[in-house]
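Analysis of the macromolecular model
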Amino acid sequence: MKPRTYIIAFVIVVLANVATRFFVCRCDMTDDKRYSLHAPTKQLLQQLEGDIVIDNCLAGDLNSGFRRLQTAVTDLTQEMQAYATIRLHTLPADSLEKTGLHPIVIHERQQNGKTAQTVVYPYVRITYDSRSTIVSLLRNDRGKSGEENLNASIENLEYAFAEAIHSLTQKETPRIAFIEGHGELPEENVYDVCSSLSRYFQIDRGVLGNDPIVLMPYKAVVIADPQGAFSESDKYILDYYVTHGGRILWVMNGVRFSNDVLSQEGFTPVIAQDLNLQDMFFRYGVRIEPALVQDVQCLPIPVNVSQDPQQPNLQPMPWYYAPLLLTSQYSPITKNLAQVSCTFASPVSIVGGDDGLKKDILLATSSASRLIGVPAEVDLGDLNPDMQTFTYQFIPIAISVEGQFASIFAHRIAPEGIQATPQLPLARGKQVFAGSGSIIRNEWQQTTPLPAGYDRYSGMSFSNRDFITNAVLYLVDNEGLIQLREKEVALRLLNDKRAHDERKKIQAVSISTPIVLLAIAGITIILIRKRKYTRK
C-alpha cells in the first residue's frame, strides 16, 4: 500500500472520530423497538434545564428475571443520556428503609432442590432541581406469572421514568376537582383514590354554583357516583367546560338500589336512575343503560347453607352482580392492569354514529354475561340462575371518548341564573364514562381506609385504584406521556424443563460450533492461498 493511501485512511478515521462528537447516529434493530424512546420522552428530556440524577437500588445477586429488569433500566438510562445530562448511581438498599419502602423477597428452587431466598429493592430515586421522587420498577398484578409481571415492568419503565421526571419539572401543582351537590360519594369513600391522585394534583371539592367558567382552572373534574339529578344550570356549566377543552371522569350507576335494604332484608328493588344527564351523554356519543349486568366471572359472597340456625355454615357462593371486569390491552389507561371489581354495574353503550369522536372500550365483562332489565328485584336467595341465559359477551362497562364535543346548549338560551358567559374558543376535550359507582369507592375497617377494589371476604385486591388514577392522568395528559404505556416488549421465555433435560447437548453444540466454524474458515483460507500461489 502506498504512503498516500495510508495518509488518506488516517485522515478519514480522524474525521470520523471528530464527527461522532457532534453527530449521534442511533439505530434500533429490534422489531419491538425496545431500545428507542418515544417522541414525548425525547421532547421532555430536551426541555430540561438541569441535570438528572438516577439512584438505582436494583443491584446485588439477582436472578435472571431481575437481571433482565436491571439491564432494561441501564439501557433506558443510556438511551436517555443522548437527550439530557443524566448521572446513574447505585444506591445502597438500606438507605430506602427509612422511607417506608419494603423489599421484595424472592423464593427460588435451585437445581439441587434447595430453596434460595433473595431480598430485592426494585426502586430508583430520581432527583432534579433539588427535588426527588421514588419510582417503583416492579409491577405485581394478580393473575400474572412472575415472568409476565417482569415483562410488564419492563414495558412500563419508559412511562414510569418520564412521568416521574415530568412531575419534578412542574413549577405549579395542577388542580383537579371532585364535584359535590348531587349526592356524590363523600370524601372518606374516595380517600384511597384521592391519596393516589394527590401525588400528582391538588384536589378540591365543591358545588358548581352559577359561574359558567368556574371549572376552567381545573385540569380535570371527577364526578363520583351521584345520586341526585343535575339541574340545567349544572349541565350548562359542565357542557361549557367540556366543549372548551375540559376533561371529565364520570363514575356512576345507571340504576338505583339500596345496599342497606339488601343487607337487612335480603333483597332490594332496582329501578332506573334518572340524573337528567342522558340527553347530554347522547350528544357526547355514549349512553349509560338502565340495566344490570350479571357475569359468571365474579366475586364470591358468604352464604349460610346450614339447616340449623344455631350452627351457621358459611360457604362462598358466586355473586353474579359483582363482576370482575376485563381490562383492554389496547388503551394506555388499562394496559397491563389486572381485573377491576365492581357491583351492580350498568352497560355503557356507544351511540351517535360517525360524530368524529374517538371512542375506546376500557372495561368489559367476560364471555359469559347477561343483562337484567329494570324495574327488577335483586334477591340474595336467588343464587342459582339458569347458566344457559349467560349468552352475552364482553359488555362494555367503561369507555373513553376524545374529540370536539357538540354542545347540547347550542342555539339555546342559557338557563336562568347563569352569569354572563364569556366567548372562549372551542377545544378538543376528553371524557371517561364508567357504569358503576363502586369502582371508585373504598370502604373502612374501623379507622383504617381499605383500598378501592379490595374485597373483604376473599381478601383479594383489584386494580380499581390504578384504573381511576390512570384515567385521570389520561384526561390531563397534554404531552402524550400516557401513550408510553402502550409500549410492548415481546416475552421470549426460556423453556426451563427442556434446557435442563438437554443441557449436555446444548453445551456440546455451544462449544463445538465455534471451533468447527473456525476450522472450516482456516482450511478454506489455506486452500485458497495454496491454489492462488501454486505454480502451474
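Let me sum up the structure you'll find in this document. For clarity, every value in this text was computed on a predicted model and none was experimentally measured. (Residues numbered from 1 in each chain as written. Predicted model: local features only at pLDDT ≥ 70, side-chain atom pairs only at ≥ 80, totals over all residues. Heavy atoms only, no water.)

1. Focus on the pattern of salt bridges
To keep things clear, this is the line we draw: Each reported salt bridge corresponds to a side-chain nitrogen of Lys or Arg within 4 Å of a carboxyl oxygen of Asp or Glu. A run of DSSP states H or I qualifies as a helix once it reaches four residues; a run of E qualifies as a strand once it reaches two. Both are numbered from the N-terminal end. For the exposure calls, accessible area comes from a 1.4 Å probe over protein chains only, and a residue counts as buried if that area is under 20% of its type's maximum, exposed if over 50%, partly exposed in between.
Applying the stated criterion across every chain, the model contains 13 salt bridges. Between Asp-204 and Arg-175 there is a salt bridge whose closest N-O contact spans 3.1 Å. A residue pair is termed long-range when its members are at least 10 positions apart, and Asp-204 in strand β8 (residues 202-206) and Arg-175 in strand β7 (residues 175-179) qualify at 29 residues. Of the charged contacts, one joins Glu-443 and Arg-441 as a salt bridge, the two residues approaching to 3.0 Å between their closest N and O atoms. Owing to a relative accessible area of 31%, Arg-441 belongs among the partly exposed residues under this scheme. The network of salt bridges with shared partners includes Glu-232, Lys-235, Asp-279 and Arg-412.

2. Some thoughts on the pairing of strand β22 (residues 396-403)
The following threshold applies: Two strands pair if DSSP finds at least two bridges between them.
Among the eight residues that make up β22, six are buried, leaving the element largely enclosed by the rest of the structure. In this sheet, strand β23 (residues 429-434) lies alongside β22 in antiparallel orientation, the contact comprising six bridges. Each residue of the ladder has a partner; that of Val-401, found in β23, is Gln-431.

3. Observations concerning the sheet that holds strand β12 (residues 267-272)
In space, the three strands of this open sheet follow the order β11-β12-β21, with antiparallel pairing throughout. Lying at the two open borders of the sheet, with one neighbouring strand each, are β11 (255-256) and β21 (376-379). Sheet topology places β12 next to β21; four bridges connect them, and they run antiparallel. When the sheet's bridge partners are listed, Pro-269 is paired in β21 with Glu-377.

4. Re the nonpolar core
Counted only if it meets this: As used here, the term nonpolar core means buried Ala, Val, Leu, Ile, Met, Phe, Trp, Tyr and Cys residues forming a set that is joined through side-chain atoms within 4.5 Å.
Within the largest apolar cluster, 75 residues are counted, with the highest numbers of intra-cluster contacts made by Ile-126, Phe-161, Ile-439, Ile-440 and Phe-467. Among the nonpolar cores identified, the runner-up in size contains 32 residues, and Ile-179, Tyr-218, Ile-223 and Ile-418 belong to it.

5. Some words on helix α4 (residues 146-169)
Keep this limit in mind: To estimate the expected span of a helix, subtract one from its residue number and multiply by 1.5 Å. One axis fitted to the seven residues ending at a residue, another fitted to the seven starting there: the angle between these axes is the bend at that residue.
Relative to the 34 Å expected for 24 residues at 1.5 Å per residue, α4 spans 34 Å between its end C-alpha atoms, a close match to the ideal helical length. The largest bend along α4 reaches roughly 45° and is located at Asn-156. Among the 24 residues in α4, 19 count as buried, and that is most of the element.

6. Quick look at the sheet that holds strand β2 (residues 86-90)
The test is simple: Convention adopted: a line fitted to C-alpha atoms gives each axis, helices being fitted over their contacting stretch, and angles between N-to-C directions are expressed from 0 to 180 degrees.
Taking strand neighbours across the sheet as the criterion, the four strands line up as β2-β1-β5-β6 in an open arrangement whose pairing is mixed. Each of the sheet's edge strands pairs with one partner strand only, and the pair in question is β2 and β6 (131-136). The sheet shows a mean angle of 20° between the axes of neighbouring strands, direction not considered. Of the strand pairs in this sheet, strand β1 (residues 52-56) and strand β5 (residues 123-128) are connected by five bridges, and their pairing is antiparallel. From the neighbouring strand, Val-53 faces β5, where its bridge partner is Thr-127.

7. Notes on unusual backbone geometry
Between Val-374 and Pro-375 the backbone carries a cis peptide bond, its omega angle lying at 5°. The residue Pro-375 is located in the loop between β20 (369-373) and β21 in this model. Positive phi outside glycine occurs at Phe-394, with the angle close to 50°. Of note, Phe-394 is situated in the loop between β21 and β22. Under the relative-accessibility criterion, Phe-394 is labelled partly exposed at 44%.

8. Description of the packing of aromatic side chains
Heads up, the rule is: Between 30 and 60 degrees the pair is tilted, below 30 it is stacked and above 60 it is edge-to-face, where a pair is any two Phe, Tyr or Trp rings, Trp via its six-membered ring, whose centres lie within 6.5 Å. Lysine NZ or arginine CZ positioned within 6 Å of the ring centre and within 35 degrees of the ring normal marks a charge as sitting over the ring.
Applying the stated criterion across every chain, the model contains 13 aromatic pairs. Note on Phe-281 and Phe-433: the rings are 5.1 Å apart at their centroids and 75° apart in plane angle, and the pair reads as edge-to-face. Placement of Phe-281 in helix α8 (residues 278-283) and of Phe-433 in strand β23 is noted, with a sequence separation of 152 residues between them. For Phe-281, a relative accessible area of 2% corresponds to the buried category. Both rings, one in Trp-319 and one in Phe-344, keep their centres 6.4 Å apart while their planes meet at 85°; by these two values the pair is edge-to-face. Of this pair, Trp-319 sits in strand β16 (residues 314-327) while Phe-344 is found in the loop between β17 (340-341) and β18 (348-350), placing the two residues 25 residues apart along the sequence. For the pair formed by Trp-319 and Phe-344, the shared burial category is buried. Here the aromatic cluster, defined as three or more aromatic residues joined through ring pairs, consists of Phe-230, Trp-250, Phe-281 and Phe-433. Taking the ring centre of Tyr-474 as reference, the NZ or CZ of Lys-430 above it sits at 4.6 Å.

All we've got here are geometric facts, nothing functional implied.
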